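Report on the structure
Single-letter residue listing:
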Amino acid sequence: HRDLHVRSRRQRQMCIRDSYNKGISPYDVAKTMYGAEGLLTFVTVNSIKYIQRYPHKYKGSPDKQLDDLIKAKRSLETAIELHMEIHGDKHIRHG
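The residue numbers shown here count from 1 along each chain, following its written sequence. In keeping with the predicted nature of the model, local features appear solely for residues at pLDDT of at least 70, side-chain atom pairs appear and are counted solely at 80 or more, and the whole-chain, interface and lining totals rest on all residues. Values reported for side chains reflect all heavy atoms of the structure, with hydrogen atoms and water molecules removed beforehand.

**Quick look at the overall build of the chain**
A run of DSSP states H or I qualifies as a helix once it reaches four residues; a run of E qualifies as a strand once it reaches two. Both are numbered from the N-terminal end. A tally of regular secondary structure across the chain gives three helices and zero strands. Starting at the N terminus and ending at the C terminus, the chain contains elements arranged as α-α-α. Among the 95 residues that make up the chain, the fraction classed as buried is 21%. The long-range share in the chain, meaning contacts at least 24 apart out of those at least 6 apart in sequence, stands at 43%. Under the convention used here, a 1.4 Å probe and the Shrake-Rupley method define accessible areas, while residue burial counts only the protein chains that appear. Accessible area for the chain stands at about 7,600 Å²; split by element, carbon and sulfur atoms hold 55% of it. A simple rule labels every residue: compare its accessible area, found with a 1.4 Å probe on the protein chains alone, to the largest value its type can have, and call it buried under 20%, exposed over 50%, or partly exposed in between. Here, two residues are considered to be in contact whenever any of their heavy atoms come within 4.5 Å of each other.

Given below as structure tokens:
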């Protein structure tokens, strides 16, 4: 059962990656496969991944470090948009 789970997850990841190579947004594919709530989880985890590895992964390479911060920001912006799509934008706080 565990192997089947890993294999099916790998197949979904490859599908998302292949769609990107064909010029289709991986977010659109993931949203179709997992729904808005699944994509919200995905982009939130992605943003955390980029933040956690800063500045260690690309130590000595400020351009690559900045790329990670920009990717984290984009992932968080997508997460906010998805959250508002799912739950509405009634309770927006700034600060």
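**A word on the pattern of salt bridges**
Opposite charge on two side chains permits them to pair, given that their charged atoms come into close proximity. When a carboxyl oxygen of Asp or Glu is within 4 Å of a side-chain nitrogen of Lys or Arg, the pair counts as a salt bridge. One pass over the full model with this rule turns up three salt bridges. E85 is the salt-bridge partner of K31, the closest N and O atoms lying 2.9 Å from each other. With a gap of 54 residues between them, K31 in helix α2 (residues 26-53) and E85 in helix α3 (residues 62-87) connect regions that are remote in the sequence. E77 is the partner of K73 in a salt bridge, and the nearest nitrogen-oxygen pair spans 3.9 Å. In this pair, K73 and E77 are both assigned in helix α3, four residues apart and thus about one turn of the helix distant.

**Quick look at α3**
In this model α3 runs 37 Å from its N-terminal to its C-terminal C-alpha over 26 residues, within 8% of the 38 Å that 1.5 Å per residue would give. Inspection of α3 places Q65, D68, A72, S75, T78, A79 and L82 among the buried residues, and these make up the whole buried set. Where α3 is buried, its residues touch α2. Of the residues trailing α3, G88 is marked for its positive phi of about 85°. Given a helix with a known number of residues, its expected span is that number minus one, times 1.5 Å.

**Focus on the environment of S19**
Tracing the backbone through its elements, the reader meets S19 in helix α1 (residues 2-21). Considered as a pair, S19 and A30 are 11 residues apart in the sequence and their alpha carbons are 10.0 Å apart. Dropping the residues within four chain positions of it, S19 is found in contact with I24, S25, P26 and V29.

**Digging into a nonpolar patch on the surface**
Patches here are clusters of residues that have more than 30% relative accessible area and form no salt bridge, with a 9 Å joining cutoff for like charges and a 5 Å cutoff for nonpolar side chains (Val, Leu, Ile, Met, Phe, Trp, Tyr). A cluster of nonpolar side chains, namely Y54, L66, L69 and I70, defines an oily patch on the protein surface of about 320 Å² accessible area. Tracing the chain through its elements places Y54 in the loop between α2 and α3. Judged by its relative accessible area of 34%, Y54 is partly exposed.

**Some points on the environment of H83**
Mapping H83 onto the fold places it in helix α3. Placed 44 residues apart in sequence, H83 and L39 show a C-alpha to C-alpha distance of 10.0 Å. Those residues in contact with H83, other than ones at most four positions away along the chain, are L40 and G88.

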